[in-house]
Amino acid sequence: MGFLVYLFILFLLSIFISFLIVLHISRQKNSVIPINWPLLGSLPATIVNAHRLHDYATDIMACNDGTFVFKSPLTTNTNKLCTTNPSDVHHILSKNFSNYPRGHRFRKIFDILGDGFSNTDGDLWHFHRRTIMLLLKSPCFGSLLEDVIWNKVESGLLPVLEYLSMQEVEIDLQDVFERFSFDTICKLLFDHDPKSMSLDFAYIPCEKALSEMAEVMFWRYIMPRNVRKLQQLLRIGNEKKLSDAWKILDEFIYTIVAQKQDELNKLKCEFKDENFKLSTALLREYKDQGGSTGNPNKFLRDALLNLLVAGRDTTSSALSWFFYLLAKNPMVEDKIQEELHRELEKEMGEKDFRAIEFDKLIYLHGALSEALSMGRMKSIWGSDCMEFKPERWISVDGRIIRQPSYMFPAFNAGPRSCLGKNMSFTQLKIVAATIIYHYHVDLVEGHLVVPSNSIILKMKNGLKVTLTKRSEVKKDEQKDRTGWNWEPASAKIKNRTGPTILPVPGSYWFLSCLQMLEPVLEK
Ligand code: HEM
């Protein structure tokens, strides 16, 4: 009998404790600062807000001067400091760079990246950085890059958009951009075009594997290690997804590497500039460098996978958010069109886009930078921080204002800053200018654009749009001062007086530059 009473009391007690937990968690939904639970740290708040992690983190940063420490569960001992504060960013990424290496925890989370530049510190990282920098900065690479991008625009992007716009169907522009950047980065890295950007929108396993990998990496970072280990043991959930993606990526890269090795072996003479190929140049530079594994093929695979990840989703996400913002801000679209027509006219009325000097498209550059700016707090960008204003990037004498990288860390800052920044701007400008020149982009009504939980800030539901060919805009055609016919996008919107205020992607906790570092001093 005594035992039954004891059991009953225990039962009531557990109901009471559960009630308290539920009460706390539901209160937490409305509270900005997460409760730091004994044993569990701020994990319950993270789980409750799992569907809106970017907004959640942004809210917390906004009321904590841009810096906040998320407490980990006691067993995992991995507190996470998140910051959007420029002086903290500067302190960590530049001034005290050597105090904040990637560390062993990072390497375990990102194990799929092996010994690539994203996942290494010290000499090995230096070796990667030097090798890649040497090749990306060579003049041969510049012309190769433009050729590859233009070829893909002309043989892939434009025919696909032309077909889809004629069908008058909804298009997932993010999917289009992902395919575009996958094809171009593969062509550059491997001299191989997987032709994912084609009318049949074929399923390309490797392309999808890259997206799955980026999502699983995000969850690995957020969730306690034990959850990951359990999933690995049972081969379920995210860990199952990752191991499938891993196999697909390995097969894809190793097959191409083997082919390219053969080509390289056949090349007996010195490389000539006119025959420059990044694929063979990279293989040559990396040849015989076994890395820590001692296996040259594995080392090559790691280096190439890191470059594939660095160059694919980053570019496509930047383009997706840019076009989303443009669709919401037709006045900006008008100004970009004006600028394009002006520059084309300067080239003696040529209609060939290749004639444009893309460096001269200042307004477009400002608009792209604006789409990539992060940490949009009033304290950093001023009271109009939530407005999409390319003008904030242009000086009175019409030049681009260069912001210090700790204010504009989309491409990271300090010694680990992005080596593909210039290359990305070239690609972004060519694609953006081509589409804007040929089409007006409208968002599909009711389509919800929200960020996905991934290490790269993608759109969870894609970017659903419809395209209207500019040449088909017949009514109310207006002539700009250069004599070109075009319809201002803003004419479609009545009573427009200023820029649209909207949540720009940079206002989110921008994960493409999330730094997962392990301070040396804490060891
Ligand atoms: C809009 C496009 C891009 C954005 C926003 C971007 C952003 C970034 C960021 C945030 C980092 C730091 C990552 C880290 O700390 O591990 C980075 C590094 C890097 N990016 Fe980019 N990136 C872009 C495009 C590219 C492209 C097209 C390439 C060329 C393949 C590239 C090559 C690299 C390399 C090699 C690094 C490593 C630097 C190092 O660890 O020393 N990126 N990028």
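Attention in this report is confined to the structure presented alongside it. (Residues numbered from 1 in each chain as written. Predicted model: local features only at pLDDT ≥ 70, side-chain atom pairs only at ≥ 80, totals over all residues. Heavy atoms only, no water.)

Thoughts on the overall build of the chain
Okay, so step 1: Counting secondary structure elements, the chain contains 18 helices and seven strands.
Okay, so step 2: Carbon and sulfur atoms provide 56% of the accessible area of the chain, an area that totals close to 25400 Å². (Helix = DSSP H or I, 4+ residues; strand = E, 2+ residues; numbered from the N terminus. Areas by Shrake-Rupley, 256 points an atom, 1.4 Å probe, with all protein chains shown as cover.)

Overview of the coordination of the iron atom of the ligand
Okay, so step 1: From the protein, the iron atom of the ligand takes a single donor atom, C418 (SG), 2.3 Å away.
Okay, so step 2: Locating C418 in the fold gives a position in the loop between α17 (378–381) and α18 (421–438). (Donors = N, O, S within 2.8 Å, 3.2 Å for Na, K, Ca; no water.)

Observations regarding the site of the ligand
Okay, so step 1: For the ligand, the set of nearby residues contains 24 residues, the closest of which are R102, W125, R129, C418 and S424.
Okay, so step 2: In this structure, an oxygen atom belonging to the ligand sits 2.7 Å away from a side-chain N or O atom of R102.
Okay, so step 3: R129 places a side-chain nitrogen or oxygen 2.5 Å from an oxygen atom of the ligand.
Okay, so step 4: Its residues placed into classes, the shell around the ligand shows twelve nonpolar, nine polar and three charged. (Near = heavy atom within 4 Å. Polar contact = N/O pair within 3.5 Å; in protein donor to acceptor, adjacent residues only side chain to side chain. Nonpolar A, V, L, I, M, F, W, Y, C, P; charged D, E, K, R; others polar.)

Remarks on helix α4 (residues 86–95)
Okay, so step 1: Listed as buried for α4 are P86, V89, I92 and L93. All buried residues of α4 project into a common sector of 135° when viewed along the axis, lining one side.
Okay, so step 2: Tucked into the core, α4 has its buried residues touching β2 (80–83) and α17. (Buried < 20%, exposed > 50% of the residue type's maximum accessible area, 1.4 Å probe, protein only. Arc of directions from axis to C-beta. Contact = heavy atoms within 4.5 Å.)

Notes on unusual backbone geometry
Okay, so step 1: Positive phi values are uncommon outside glycine, yet D65 reaches one of about 55°.
Okay, so step 2: One can find D65 in the loop between α3 (53–62) and β1 (67–70).
Okay, so step 3: Phi at N412 is positive, roughly 70°, even though this residue is not glycine.
Okay, so step 4: You can see N412 is positioned in the loop between α17 and α18.
Okay, so step 5: The class for N412 is buried, based on a relative accessible area of 11%.

A short note on the packing of helix α8 (residues 173–190) against helix α14 (residues 313–328)
Okay, so step 1: At a minimum axis separation of 8 Å, α8 and α14 run at an interaxial angle of 150°. One finds that α8 runs roughly antiparallel with respect to α14. The handedness of the crossing between α8 and α14 comes out as right-handed. Contact with α8, carried on its side by L173, Q174, F177, E178 and S181, involves D313, T315, S316, L319, S320 and F323 of α14 and no other residues of that element.
Okay, so step 2: When its residues are assigned to classes, the contact of α8 with α14 shows four nonpolar, five polar and two charged. (Axes fitted to C-alpha atoms, helices over the stretch in contact; angles between N-to-C directions. Parallel < 35°, antiparallel > 145°, perpendicular 65-115°, else oblique. Left-handed = near helix turned anticlockwise from the far one by under 90°.)

Considering the layout of surface pockets
Okay, so step 1: Its volume calculated, the second largest pocket comes out at about 810 Å³.
Okay, so step 2: If you go around the second largest pocket, you meet 33 residues; those closest to its centre are K421, N422, M423, F425 and T426.
Okay, so step 3: Sorting the residues of the lining of the second largest pocket by element identifies α6 (122–136), α7 (139–167), α16 (362–372) and α18 as the ones contributing at least two each.
Okay, so step 4: Top contributing element to the lining of the second largest pocket by residue count: α18, with seven residues.
Okay, so step 5: Per-class residue counts for the lining of the second largest pocket are 17 nonpolar, eight polar and eight charged.
Okay, so step 6: A domain split of the lining of the second largest pocket shows at least three residues from each of domain 1 (130–309) and domain 2 (313–513). (1 Å grid on protein atoms, 1.4 Å probe; cavity = no way out; pocket = protein on both sides within 12 Å on 5 of 7 lines; lining within 4 Å. Points joined across faces, edges and corners; volume = space filled by probe spheres on them. Domains from an automatic or database assignment.)

So, helix α9 (residues 205–222)
Okay, so step 1: Between its first and last C-alpha atoms α9 spans 26 Å; for 18 residues at 1.5 Å apiece the expected length is 26 Å, and the two agree.
Okay, so step 2: Of all the 18 residues making up α9, 13 are buried; the element is thus mostly covered by neighbouring parts of the structure. (Expected span 1.5 Å × (residues − 1).)

Observations regarding the sheet that holds strand β5 (residues 464–469)
Okay, so step 1: One open sheet holds the three strands; their spatial order is β3-β5-β4, and the pairing between them is antiparallel. The open sheet is flanked by β3 (171–172) and β4 (439–443), the only strands paired with a single partner.
Okay, so step 2: Note: β3 against β5, two bridges, orientation antiparallel. Bridge pairing in β5 places I171 opposite V465.
Okay, so step 3: Seen against the sheet, α18 touches β4 and β5 and runs at an angle of roughly 95° to β4. (Pairing = 2+ DSSP bridges.)

Brief notes about the pairing of β1
Okay, so step 1: Of the two faces of β1, the one holding F68 and F70 is buried and the one holding T67 and V69 is not buried anywhere.
Okay, so step 2: Relative to β2, β1 is paired through four bridges, and the arrangement is antiparallel. Residue pairing for β2: F68 is matched across the bridge by C82.

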